[in-house]
Amino acid sequence: MKAAPVKDLKSALETRSPDELLQLCLRMIKYKKENKELATYYIFEKDNEAGYIIAVKDNLDLLFADVNKTQLYYARKNLRKILRTAGRFIKYSEEDTTEVEIWLYVAEAIHDLNLPLKKSVALQSLYNNLLKKIDKKLGSLHEDLQYDYRRQLEKLPLA
């Protein structure tokens, strides 16, 4: 089955009744965790972006607590999982400041793990790519916010 374009779906949804739309949304939420998380964000968290950021940071803290620091191979796998999770949560929010704050938090947490990043090229590039991603995103923010976030970014050393 080929998926219809967004324009066609939008015009078809406009003709549906509110009850049909509710049933469709509930059915979509039921089948995929990401859909459920997105619906949760839009219904409960969208109006309180600061609370959402705190909740995401708490969730990431739990993942950072489980990072295997003894073997770099497993540390890399754990950090990739954390980056995927952070990216998923960032995707729900449409605000650039949320993205920068979460990525900065992840970069600081990686730095605080005190992993020997120089011993692993993969870990080193993972960390440096994260810093580049933050730096690139800072360009789209207001100048005052750029200044504040850049100061935080400059405190983090390159691997």
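> Let's hear about the packing of helix 2 (residues 18-31) against helix 3 (residues 33-45): which residues, and what values?
When two helices pack together, their arrangement is given by the angle between the helix axes and the distance between those axes. Between helix 2 and helix 3, the least distance of the axes is 5 Å, while the angle of their chain directions is 125°. Here helix 3 runs oblique to helix 2, going by the angle between their axes. Two secondary-structure elements touch here, helix 2 through Met28, Ile29 and Tyr31 and helix 3 through Lys33, Asn35, Lys36 and Ala39. By residue class, the composition of the contact of helix 2 with helix 3 is four nonpolar, one polar and two charged.

> Now, about the side chain of Arg76: what can you tell me, with residues and values included?
In this fold, Arg76 is placed in helix 5 (residues 72-92). Summary of buried charges: Arg76 has no salt-bridge partner, and the nearest side chain of opposite charge, Asp66, is 18 Å away.

> Break down a positive patch on the surface for me, with residues and values.
Residues Lys33, Lys77, Arg80, Lys81 and Arg84 make up a contiguous surface patch of positive charge. Looking at the positive patch element by element, the count peaks at four residues for helix 5. Among the secondary structure elements, Arg80 is positioned in helix 5.

> Help me get a handle on the packing of aromatic side chains, residues and values and all.
A full pass over the atoms with the stated rule returns four aromatic pairs. Summarising the aromatic geometry, the rings of Tyr41 and Tyr42 are spaced 5.6 Å apart at their centres and angled 80° between planes, so their arrangement reads as edge-to-face. For Tyr42, a relative accessible area of 37% gives the class partly exposed. Ring pairs connect the aromatic residues Tyr41, Tyr42 and Tyr52, which therefore count as one cluster. Across the ring face of Phe89, the terminal group of Arg88 is positioned such that the distance to the ring centre comes to 5.2 Å. Above the plane of the ring of Trp103 lies Lys133, whose end atom (NZ or CZ) is 4.3 Å from the centre.

> Tell me what's going on with the packing of helix 3 against helix 5, and back it up with residues and numbers.
In contact at an axis separation of 9 Å, helix 3 and helix 5 are set at 45° when each is read in the N-to-C sense. Classed by the angle they form, the pair helix 3 and helix 5 counts as oblique. By crossing handedness, the relation of helix 3 to helix 5 is classed as right-handed. Contacts from Lys33, Glu34, Glu37, Leu38, Tyr41 and Tyr42 of helix 3 reach helix 5 at Arg88, Phe89, Lys91 and Tyr92. Per-class residue counts for the contact of helix 3 with helix 5 are five nonpolar, no polar and five charged.

> Report on the nonpolar core, specifying residues and quantitative values.
Ranked by size, the top nonpolar core spans 38 residues in total, and within it Leu60, Phe64, Leu79 and Val106 carry the most contacts. Those elements that provide at least two residues to this core are helix 4 (49-65), helix 5, helix 6 (96-112), helix 7 (121-138) and helix 8 (143-155).

Procedures and definitions
- Residues numbered from 1 in each chain as written.
- Predicted model: local features only at pLDDT ≥ 70, side-chain atom pairs only at ≥ 80, totals over all residues.
- Heavy atoms only, no water.
- Axes fitted to C-alpha atoms, helices over the stretch in contact; angles between N-to-C directions.
- Helix = DSSP H or I, 4+ residues; strand = E, 2+ residues; numbered from the N terminus.
- Parallel < 35°, antiparallel > 145°, perpendicular 65-115°, else oblique.
- Contact = heavy atoms within 4.5 Å.
- Nonpolar A, V, L, I, M, F, W, Y, C, P; charged D, E, K, R; others polar.
- Buried < 20%, exposed > 50% of the residue type's maximum accessible area, 1.4 Å probe, protein only.
- Lys, Arg positive; Asp, Glu negative; His and termini not counted.
- Salt bridge = Lys/Arg side-chain N within 4 Å of Asp/Glu carboxyl O.
- Patch = residues over 30% accessible without salt bridge, like charges linked within 9 Å, V, L, I, M, F, W, Y side chains within 5 Å.
- Areas by Shrake-Rupley, 256 points an atom, 1.4 Å probe, with all protein chains shown as cover.
- Charge placed at Lys NZ, Arg CZ, Asp CG, Glu CD.
- Phe/Tyr/Trp six-rings, centres within 6.5 Å; stacked < 30°, edge-to-face > 60°.
- Lys NZ or Arg CZ within 6 Å of the ring centre and 35° of its normal.
- Left-handed = near helix turned anticlockwise from the far one by under 90°.
- Core = buried A, V, L, I, M, F, W, Y, C linked by side-chain atoms within 4.5 Å.

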